[in-house]
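What the coordinates show
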Amino acid sequence: MDIIHLLPDSVANQIAAGEVVQRPASVVKELLENSIDAHATEIQVVLREAGRELIQVIDNGIGMSPADARMAFEKHATSKIQQAADLFDLHTMGFRGEALASVAAVAEVELRTRRRDDEAGVLIALAGSQVQRQESCACPAGANFQVRNLFYNVPARRKFLKSNQTELSNIMQEIQHVALAHPQVEITVTHNDAVILQLTAGSHKQRIVQLFSKSLSQQLLPLQVENDLMDISGFVGAPEGARKKGALQFFFVNGRFMKHPYFHKAVLECFQDLIPEGTQPNYFIYLQVDPQSIDVNIHPTKTEIKFENESARWHILMATIREALGKYNAVPTIDFDQADAPEVEPQYLPGRTSTSEPRPRFDDYNPFRQQPAAHWESLYEDFRKEEAQGEELPSRMESTLPSRFDQRSIPVDEGMELPSAMDLMSGLSDDEKPQSTKRVQYLQVGNRYIVGNTRGGMLLIDQHRAHLCILYDRYHTQISNRQGLTQHELFPEMIEVSPADEPHLQAILPELSYLGFELDNLGGGSYAVNGKPASLDSSVNIHELMLQMIEAAREEVHGVGEDLDRRLALRLAKAQAIPYGRQIGEEEMQQLVETLLALPEHQMTPDGHPVMTLVSNDELASHL
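This one's a predicted model, so the numbers in the text were calculated from it and none came from an experiment.

1. Overview of the pattern of salt bridges
Summed over the entire model, instances satisfying the criterion amount to twelve salt bridges. In this structure, the salt-bridge partner of Lys 574 is Asp 607, at a minimum N-O distance of 3.2 Å. Here the residue Lys 574 occupies a position in helix α15 (residues 562-576), and Asp 607 occupies one in the loop between α16 (586-597) and β22 (612-616), the gap between them amounting to 33 residues. Among the residues examined, Asp 607 registers a relative accessible area of 31% and is labelled partly exposed. The structure contains a network of salt bridges with shared partners spanning Glu 110, Arg 112, Arg 133 and Glu 135.

This is how it looks when you write it as structure tokens:
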């Protein structure tokens, strides 16, 4: 009996659609690219429920004839190429002829389109690859695609879609890519009847500023080089604009967004020794190459691209960026414009003695002198004030998630035995136990560890991790109990987030308010920070902290809710915890250790690192 048979078209189309249409953002990407290929100068994107219910893309492009509109939904039907050789000489965004057929296989699609010279347009409606109706209609020139009920006939795929803020963030990322590559196109995005993005036509620099931040304009260093191998334009960010999280890094080739780890490494090497370790530079780099020297036909998403002579292009890219950085470093930081300055004539005063020769003054700064201890200890005073002004807070909210201190799920060095609180206290004599009358004497070693002598041996505590546990416990309790004191700002600080980050920030605004943040949405991705947590150190960079909070919201490992609360509390605690290398006094060490040992769980940090260890007298003796 024969067992091999052809699949029905409906099944084959759904399988093929799985590669092209992975989520609502995939549909938006394909429709936007079609609009760009149709030479549109104005594009409107309308969304409902992050694309689950509706994705509508309207453009003023060249439109289609009735026959072309019907043929566009056939598999492998395209106007972009005609033969295999055209794959290596592409001048359009799309070319595979799979996008519309794949979308129509897993959604309900309606298209209205008209060419400028036609008196009437055409309406075509499809569902599950089947044409429902085709008729003439009155419509503006261009194309109007409506995609409803995505994955209505593939329940398993629809079930695995993420939250609305995650799907909307992914959509905004795709819109960002098209907007940055084609700044000459006006783009408007509406979500649930509210305009969330409106971009006017302009230059590449103007588009970058529109999407991200006005302050970014002063940090953009221009790139411009032309040669036979490739033309390079765009911008790299000044070194002081490097970010720990959320660096803006975009590569484009021939107007198409791409990911290229090899070229990314070239950029990082140019910034080596110019930016702090652990940070990433911003860059917006546009490459223009001969289409025959690249291969775009690697994956349906078309973001992976192969180049001929990659090594030579790599060196050209490095040289271009280094030249831009060199010019930036050669320019004085303050440039006074004297063009319109009034001329001031020097005055001669008879009888006045000549001025003395100026003498240089030297700063007596000594890098080896011990720096004063930071005022992190004031955090404890702030915490006490919070408890005095509010009700007594429980130490921790019960959670149904696995405990972060469950050592069975935490990687610990083999053979390492962590002492419990009772073990630590039992190792102390009665007069050594932390009390208000008599306290254990602690020493700071290497500005990193706190060492205390006990009857059982030597107690070694990591000061950064200890403080992290203390702060995490407090912040997590504030979120869980919806309590957190706010210190209002006389002059609110302004922060700006990208369109892709804003949905995540909107989603965590309630949790941020429980921590003590008060943010006012000014529109266009701008927020005024009217209040901060009362215990937040004034030296903390609020914009950098918000990016870390957004990153925590993006990490949907176990969903949202309690796990999100933990991630936010951890991010804030990390921003505040005593850094390594900071000298602290004896009183602060006493206070730190006592507060740590009072926590219900204090052996491991929330992210699974040991906080303390007890080195027994026998172990010490064996090494001496």
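2. A look at the sheet that holds strand β20 (residues 518-523)
An order of β19-β21-β20 is seen for the three strands of this open sheet, with the pairing classed as antiparallel. Only two strands of the sheet have a single neighbouring strand rather than two, namely β19 (486-496) and β20. Strand-to-strand twist of the sheet, defined as the mean angle between neighbouring strand axes without regard to direction, takes the value 20°. Bridge count for β19 against strand β21 (residues 526-533) is seven bridges, and the pairing is antiparallel. When the sheet's bridge partners are listed, Ile 495 is paired in β21 with Tyr 527. Contacts from helix α14 (residues 542-554) reach β19, β20 and β21, with the element oriented near 75° to β19.

3. What to know about the environment of His 177
Among the structural elements, His 177 can be located in helix α6 (residues 164-181). Residue classification places His 177 among the buried positions, given a relative accessible area of 14%. Counting along the chain gives 81 residues from His 177 to Met 258, while the straight-line C-alpha distance between them is 9.1 Å. In this structure, His 177 is in contact with Phe 250, Phe 252 and Phe 257, ignoring residues within four places of it in sequence.

4. With respect to helix α7 (residues 204-211)
Inspection of α7 places Arg 207, Ile 208 and Leu 211 among the buried residues, and these make up the whole buried set. For α7, the angular spread of buried residues about the axis comes to 100°, placing them on one side. On its buried face, α7 is in contact with α6, β7 (186-191), β8 (194-199), β9 (220-226), β10 (231-237) and β13 (283-288).

5. Here's the deal with the sheet that holds β7
Within the open sheet, the eight strands sit side by side as β5-β4-β3-β6-β2-β1-β7-β8. Their pairing is mixed. Looking at which strands have only one partner, the edges of the open sheet turn out to be β5 (130-137) and β8. Between one strand axis and the next, the sheet turns by 10° as a mean value, whatever way the strands run. Summarising the sheet, strand β1 (residues 42-48) and strand β2 (residues 54-59) pair through six bridges and their orientation is antiparallel. When the sheet's bridge partners are listed, Arg 48 is paired in β2 with Leu 54.

Scoring rules and cut-offs
Residues numbered from 1 in each chain as written. Predicted model: local features only at pLDDT ≥ 70, side-chain atom pairs only at ≥ 80, totals over all residues. Heavy atoms only, no water. Salt bridge = Lys/Arg side-chain N within 4 Å of Asp/Glu carboxyl O. Helix = DSSP H or I, 4+ residues; strand = E, 2+ residues; numbered from the N terminus. Buried < 20%, exposed > 50% of the residue type's maximum accessible area, 1.4 Å probe, protein only. Pairing = 2+ DSSP bridges. Axes fitted to C-alpha atoms, helices over the stretch in contact; angles between N-to-C directions. Contact = heavy atoms within 4.5 Å. Arc of directions from axis to C-beta.

Nothing here speaks to function; it is all geometry.
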